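Reading the structure
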Amino acid sequence: MMRRIFSDRFRLLKMGSGAFVFVLLCQHARSQFGALHPDLSRVTVFGESLKGMTIHAQARLVVGHAPDGFDLETRAGPVRILSPERPRVGEFVSFTGRVAGERRIEAAGVQVNEGWAWKRAVNYAVSVATVLVFLWLIRGQFRTSLSEGLFRSRF
Amino acid sequence: MADLLTHLASARIPGIFLRDRRVQALLVLGSFLPDIVSKGLYHVTRSSDNFIVPSHSVTGLLALCFALSFLLEERIRRPGFGALLAGAYLHLAVDLLKDQGGAGLLGVFHPFSPAGFQLGLVDPENVILLLPIDAAILVGAWLLERRLRRVRQ
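The structure presented is a predicted model; accordingly, all values stated were derived computationally and were not measured. (Residues numbered from 1 in each chain as written. Chains lettered and ligands numbered in written order. Predicted model: local features only at pLDDT ≥ 70, side-chain atom pairs only at ≥ 80, totals over all residues.)

**A word on the confidence of the model for chain B**
Threshold: Along the chain, pLDDT gives the predictor's confidence residue by residue, from 0 to 100.
Summarising the model, chain B shows a mean pLDDT of 88, and 93% of its residues fall at 70 or more. Both scores are given for the predicted complex: the pTM is 0.86, the ipTM 0.89.

**Topic: the domain arrangement of chain A**
Put simply, the rule is: How far each domain reaches was decided by an automatic or database domain assignment.
In terms of domains, chain A is made up of domain 1 (2–36), domain 2 (40–113) and domain 3 (116–153). Computed from C-alpha atoms alone, the centre-to-centre distance between domain 1 of chain A and domain 2 of chain A is 35 Å.

**Topic: the nonpolar core**
For clarity, the cut-off: What we call a nonpolar core is a set of buried Ala, Val, Leu, Ile, Met, Phe, Trp, Tyr and Cys residues whose membership is set by joining through C-beta atoms within 7 Å. We call a residue exposed when 12 or fewer other C-beta atoms sit within 10 Å of its C-beta, buried when the count reaches 20 or more, and partly exposed for counts in between; the C-beta positions come from the backbone. Secondary structure elements are taken from DSSP: a helix is a run of H or I of four residues or more, a strand is a run of E of two residues or more, and numbering for both begins at the N terminus. Here, residue contact means that the backbone-derived C-beta atoms of the two residues sit within 7 Å.
Residues Val28, Leu29, Leu33, Leu64, Cys65, Leu84 and Leu85 of chain B are the most contacted members of the largest nonpolar core, which totals 36 residues. Among the elements of the structure, helix H2 (11–36) of chain A together with helix H1 (4–15), helix H2 (21–44), helix H3 (58–69) and helix H4 (74–95) of chain B are those that each provide at least two residues to this core. The dominant element in this core, judged by the number of residues it contributes, is H2 of chain B, at eight residues. Contacts of Cys65 of chain B, omitting those with residues within four sequence positions, involve Gly30, Phe81, Leu84, Leu85 and Ala88 of chain B. Ranked by size, the runner-up nonpolar core spans 16 residues in total, among them Ala57, Phe70, Val93 and Val99 of chain A.

**Overview of the pairing of strand E1 (residues 54–66) of chain A**
Residue and element names in this part refer to chain A. Applicable threshold: Strand pairing requires that DSSP identify at least two bridges connecting the strands.
With six bridges connecting them, E1 and strand E4 (residues 92–101) associate as antiparallel partners. Paired with Ala57 across the strands is Phe95, a residue of E4. Across four bridges, E1 lies against strand E2 (residues 69–72) in antiparallel orientation. Along E2, the bridge assignment pairs Gly64 with Asp71. Between the antiparallel neighbours E1 and E2 lie two residues.

**So, the sheet that holds E1 of chain A**
Residue and element names in this part refer to chain A. In plain terms, the rule: Between the N-to-C directions of two axes lies an angle of 0 to 180 degrees, each axis being a line fitted to C-alpha atoms and, for a helix, fitted only over the stretch in contact.
Strand order in the closed barrel made by the five strands is E1-E2-E3-E5-E4, with mixed pairing throughout. Each neighbouring strand pair of the sheet contributes to a mean axis angle of 55°, computed without reference to strand direction. Sheet topology places strand E3 (residues 79–82) next to strand E5 (residues 104–113); three bridges connect them, and they run parallel. Within E5, the position partnered with Arg80 by the bridge is Arg104.

**Comments concerning H2 of chain B**
Our working definition: In this analysis the local bend is the angle between axes fitted, respectively, to the seven residues ending at and the seven residues starting at the residue.
A maximum bend of about 40° is found in H2 of chain B at Phe32 of chain B, where proline Pro34 of chain B lies one to four positions downstream. Positioned one or two residues after H2 of chain B, Arg46 of chain B has a phi angle of 55°, which is positive.

**Quick word on helix H4 (residues 116–137) of chain A**
All names here are of chain A. Threshold: An expected span of 1.5 Å times one less than the residue number is assigned to each helix. The directions considered for the arc are those from the helix axis to the C-beta atoms.
Across its 22 residues, H4 extends 31 Å between first and last C-alpha, which sits within 8% of the 32 Å expected from 1.5 Å per residue. Within the sequence span of H4, burial applies to Lys119, Asn123, Ser127 and Thr130. The buried residues of H4 occupy an angular sector of 70° when the element is viewed end-on, so they sit on one face. Every exposed residue of H4 that faces more than 90 degrees away from the buried side is listed here: Trp118, Ala121, Ala125, Val128, Leu132, Val133 and Trp136.

Shown next, in the form of structure tokens:
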């Protein structure tokens, strides 16, 4: 059975069906998570209809302060986070909270991501270097057969 | 996302016990896969955070590794699929250690459960802290692998 599943027979069809299932899952996730945890920028327009829904956001830039919280940057303008926390303007924060109205979110937890900008840059640089060095190290293990769309073993 | 050096180090530990170096390589590539797919979709196709959830889910990775295994020639396809999937699941296990500010790693069991999980033990962005740990694991794995190879000979 397993041998038949992984055989060359209908190879492209099997590969396509795997990719198709992955895309279907992505579409499903977009609608399911979009309904459960709407994107932060949607609070700027649909705040009232999203009231009470949970929002998670990671590493968002603090752009201002207010007596009842602080403002975060989104693609559709600032959103007020109602919280006793006072991160500095220019810092990045992650948070979970509930939509309290248009452009307003009541935070349940706020995490200040100290040095996020440079740490992220280092993270990406290390990751890209790791992949490139690893691919160079394993170049002897495989050879490509582009006409067949295959990676063949060298041994 | 933890940096891919951390994922490489985590995949090298079980990789020591694999005799076939091609399968070893595929295990490591599998551990890179979730981040390569999610960052690729996010930066290249500008997909939303919700759309890329299956790149870090048990079911999504199963479908993806199945599809990618057909890029391998038939005689290494089955072990290759197993290695890719094991590496990808190892990636999820490492990501579960991260501190994601209470939200956790969302949708690990999507489409069955939308819940998020996290153990909150590691600051995923602190590469400087993780670098020496990764380096120690990689050197240790290399030494142990050399010793095992000598014993096998």
